[in-house]
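Below, each chain spelled out in residue letters.
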Amino acid sequence: MSAAPSPLSTAPAQLILGQLLPFHADPFAVPPDEAVRHERRGAVLVEGGTIRATGAADALRAAHPQVPVRDMGEALLLPGFVDAHVHFPQTGIIASWGKRLIDWLNSYTFPEEMRLSDPDYAAAIAARFFDLTLANGTTTVCSFATSDPVSVEAFFAEAAERGLRAVAGKTCMDRNAPEGLCDTAQSAYDDSKALLRRWHGRGRLEYAITPRFTPTSSREQLHALGALWREHPDCLMQTHLSEQLDEIAWVKDLHPQARDYLDTYESADLLGERALFGHAIHLAPREVDRLAEAGAALVHCPTSNTFIGSGLFDMAGLKARGLPVALATDVGGGSSFSMLRTMAAAYEIGQLRGTPLHPAQLLWLATEGSARAMHMADRVGTLAAGSEADLVALDLASTPAIAQRADRAADIWEAVFPTIMMGDDRAIAGVWVAGRRQ
Ligand code: GUN
Ligand code: ZN
């Protein structure tokens, strides 16, 4: 992928006005409210789909008197949200009742994923998925597709049409899944490679090598995908790790020689800096050590972890070990498309572990944290000059309940936190993709 992209769009220059909270540090590495500077009356100068500058509204207006102004009033202007782990094919089965992971996959997920082999249905679900993510202010996702390349085509075609920065991969499975969803070690390698060649680096799109998880991949398949990753080390690799205790016991049965769950990936060359491990809740000390040494990222999926009953992710402990952590909805195991609702669930899980997250940490995780984990924070997830102009404007008084609480806020954090905890798509006052208002 080119390091100096050509202009993303021909959208005319504009100044978008609102409150700003630009981060200059990781709020887990320094005191959270020292990681960010609040600009009460700020502006973002956007041109050619790129952020050219941010700062005080008065100063930017004076310096660029010809540029048209879009005044979002008291709204908070943020980078568009980055959802680092989601299953777009599961859009239609979100909020399916009463099962835990393996039963949930067999009862709801696999039958639905099979339906996406119909190209028309796959296209309709991809369109519905991006309608929902954009309505919730999410401008970049890293998605699993199904095992059928048809679903990958549908995803990328829709993302390209909308000008989105997006990542996805064919979900590889050659065992313990219905026959209609199973590939083989060889076909997973061949199909993934063909899709990667077709889509990786095309416009704003990236391909991620995607073994679903150890129970549904033979050792041969994991090794074949490890070989593919070695051939294309600039790709992300995404999978699931240690989500539920039953799953971990199953992995132990399938791989009695492995030191632990992570070892099943590690021994197949599926551990590295550009790896994204979804869930990672029940980790052994060796696994944490190896993940930290490798610089791999973990993806916290809090609404999914409560909805499917998986457990409480150790955000504080894992961030303290220096591990990159992203935030994600994990739709349809996750119960919401909203990264606001996802931040709220992350806060609640932090509370249950005795480590409440600061609103600055929550906002950072949903934007720059996820973008860093996906190695794209130079392009999305921040308001830095030179970044792509994917933005969201949050109305901090979008419902009567939120408004009355925000009304008595003593500082910006008290003004933002009610929207984090109680906000949904009604709080999304504007979304821009490469500078274009959606
Ligand atoms: N583990 C393997 N596949 C899946 C999936 O689709 N969703 C979740 N939450 N966990 C998984
Ligand atoms: Zn998942």
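In what follows, the structure referred to is the one given above.
Residues numbered from 1 in each chain as written. Chains lettered and ligands numbered in written order. Predicted model: local features only at pLDDT ≥ 70, side-chain atom pairs only at ≥ 80, totals over all residues. Heavy atoms only, no water.

Examining the nonpolar core
Membership of the largest hydrophobic core comes to 103 residues, with the highest contact counts inside it found for Phe277 and Leu291. With 7 residues, the single largest contributor to this core is helix H3 (residues 119–135). Residues within four places of Phe277 in sequence aside, it is in contact with Met237, Thr239, Leu241, Leu262, Tyr265, Leu270, Leu271, Leu291, Ala296, Ala297, Leu298 and Val299. With 17 residues, the next largest nonpolar core counts Ala297, Cys301, Ala373 and Val380 among its residues. (Core = buried A, V, L, I, M, F, W, Y, C linked by side-chain atoms within 4.5 Å. Buried < 20%, exposed > 50% of the residue type's maximum accessible area, 1.4 Å probe, protein only. Helix = DSSP H or I, 4+ residues; strand = E, 2+ residues; numbered from the N terminus. Contact = heavy atoms within 4.5 Å.)

Details of the packing of H3 against helix H4 (residues 149–162)
For the pair H3 and H4, the least separation of the axes is 8 Å and the interaxial angle reads 45°. Taken together, the axes of H3 and H4 lie oblique to each other. Note on packing geometry: the crossing formed by H3 with H4 is right-handed. For the pair formed by H3 and H4, the contact residues are Pro119, Ala122, Ala123, Ala126, Ala127, Phe129, Phe130, Asp131 and Leu134 on the first element and Val150, Ser151, Ala154, Phe155, Glu158, Ala159 and Arg162 on the second. Among the residues making up the contact of H3 with H4, the classes are represented as 12 nonpolar, 1 polar and 3 charged. (Axes fitted to C-alpha atoms, helices over the stretch in contact; angles between N-to-C directions. Parallel < 35°, antiparallel > 145°, perpendicular 65-115°, else oblique. Left-handed = near helix turned anticlockwise from the far one by under 90°. Nonpolar A, V, L, I, M, F, W, Y, C, P; charged D, E, K, R; others polar.)

So, the site of ligand 1
For ligand 1, the set of nearby residues contains 13 residues, the closest of which are His87, Gln90, Arg212, Glu243 and Asp330. Here an oxygen atom of ligand 1 and a side-chain polar atom of Gln90 are 2.9 Å apart. Between ligand 1 and Arg212, the relevant distance is 2.7 Å, taken from an oxygen atom to a side-chain nitrogen or oxygen of the residue. Look at ligand 1: alone it shows 280 Å² of surface, and the protein chains cover 100% of it. With 3 residues, the single largest contributor to the shell around ligand 1 is helix H2 (residues 101–115). When its residues are assigned to classes, the shell around ligand 1 shows 5 nonpolar, 5 polar and 3 charged. (Near = heavy atom within 4 Å. Polar contact = N/O pair within 3.5 Å; in protein donor to acceptor, adjacent residues only side chain to side chain. Areas by Shrake-Rupley, 256 points an atom, 1.4 Å probe, with all protein chains shown as cover.)

Looking at the side chain of Thr216
You can see Thr216 is positioned in the loop between strand S9 (205–211) and helix H6 (219–231). Among residues more than four places away in sequence, those in contact with Thr216 are Cys172, Met173, Asp174, Arg175, Asn176, Ala177 and Gln221.

Structural notes on the coordination of the zinc ion (ligand 2)
Four donors placed tetrahedrally about a metal ideally form angles of 109.5 degrees, and six donors placed octahedrally ideally form angles of 90 or 180 degrees. The protein atoms that coordinate the zinc ion (ligand 2) are His85 (NE2), His87 (NE2), His240 (NE2) and Asp330 (OD), at distances spanning 2.0 to 2.5 Å. Its 4 donor atoms give the zinc ion (ligand 2) angles of 90 to 163° at the centre, a pattern that matches the irregular case. Donor residues for the zinc ion (ligand 2) sit on one chain with the sequence pattern H-x1-H-x152-H-x89-D. In this pair, His85 sits in strand S5 (residues 81–87) while His240 sits in strand S10 (residues 236–241), placing the two residues 155 residues apart along the sequence. (Donors = N, O, S within 2.8 Å, 3.2 Å for Na, K, Ca; no water. Tetrahedral: all angles 85-135°; square planar, octahedral: opposite > 155°, others 65-115°.)

Examining the pairing of strand S15 (residues 428–433)
Taken residue by residue, a regular strand's side chains alternate between the two faces of the sheet. Most of S15 sits out of view: 5 of its 6 residues are buried. Of the pairings in the sheet, the one linking strand S14 (residues 391–394) to S15 comprises 4 bridges and is antiparallel in character. Within S15, the position partnered with Ala393 by the bridge is Gly430. Inspection of the sheet shows S15 paired to strand S16 (residues 436–437) by 2 bridges, in the antiparallel sense. By the bridge assignment for S16, Trp432 is matched with Arg437. Here S15 folds back onto S16, and the loop between the two strands holds 2 residues, one of which, Ala434, carries a positive phi near 45°. (Pairing = 2+ DSSP bridges.)

Considerations on the packing of aromatic side chains
The final tally for this structure, using the stated rule, is 11 aromatic pairs. Pairing Tyr265 with Phe277 gives two aromatic rings, centres 5.7 Å apart and planes at 40°, and the pair type is tilted. Taken together, the residues span a long stretch of sequence, with Tyr265 in helix H8 (residues 261–266) and Phe277 in strand S11 (residues 275–279) at a distance of 12 residues. You'll find Tyr265 and Phe277 in the same group, each marked buried. Taken together, Phe88, Phe129, Phe130, Phe155, Phe156, Trp199 and Phe337 form an aromatic cluster joined through their ring pairs. Positioned above the aromatic ring of Tyr121, the side-chain terminus of Arg115 is 4.1 Å from the ring centre. Above the plane of the ring of Trp199 lies Arg202, whose end atom (NZ or CZ) is 4.3 Å from the centre. (Phe/Tyr/Trp six-rings, centres within 6.5 Å; stacked < 30°, edge-to-face > 60°. Lys NZ or Arg CZ within 6 Å of the ring centre and 35° of its normal.)

Regarding the packing of helix H5 (residues 185–199) against H6
As a packed pair, H5 and H6 sit with axes 8 Å apart at the nearest point and diverge in direction by 25°. Judged by the inter-axis angle, H5 sits roughly parallel to H6. Here the hand of the crossing between H5 and H6 comes out right-handed. Taken together, the residues of H6 that come into contact with H5 (itself represented by Ala185, Ala188, Tyr189, Ser192, Lys193 and Leu196) are Glu220, Gln221, Ala224, Leu225, Leu228 and Glu231. Broken down by class, the residue content of the contact of H5 with H6 amounts to 7 nonpolar, 2 polar and 3 charged.

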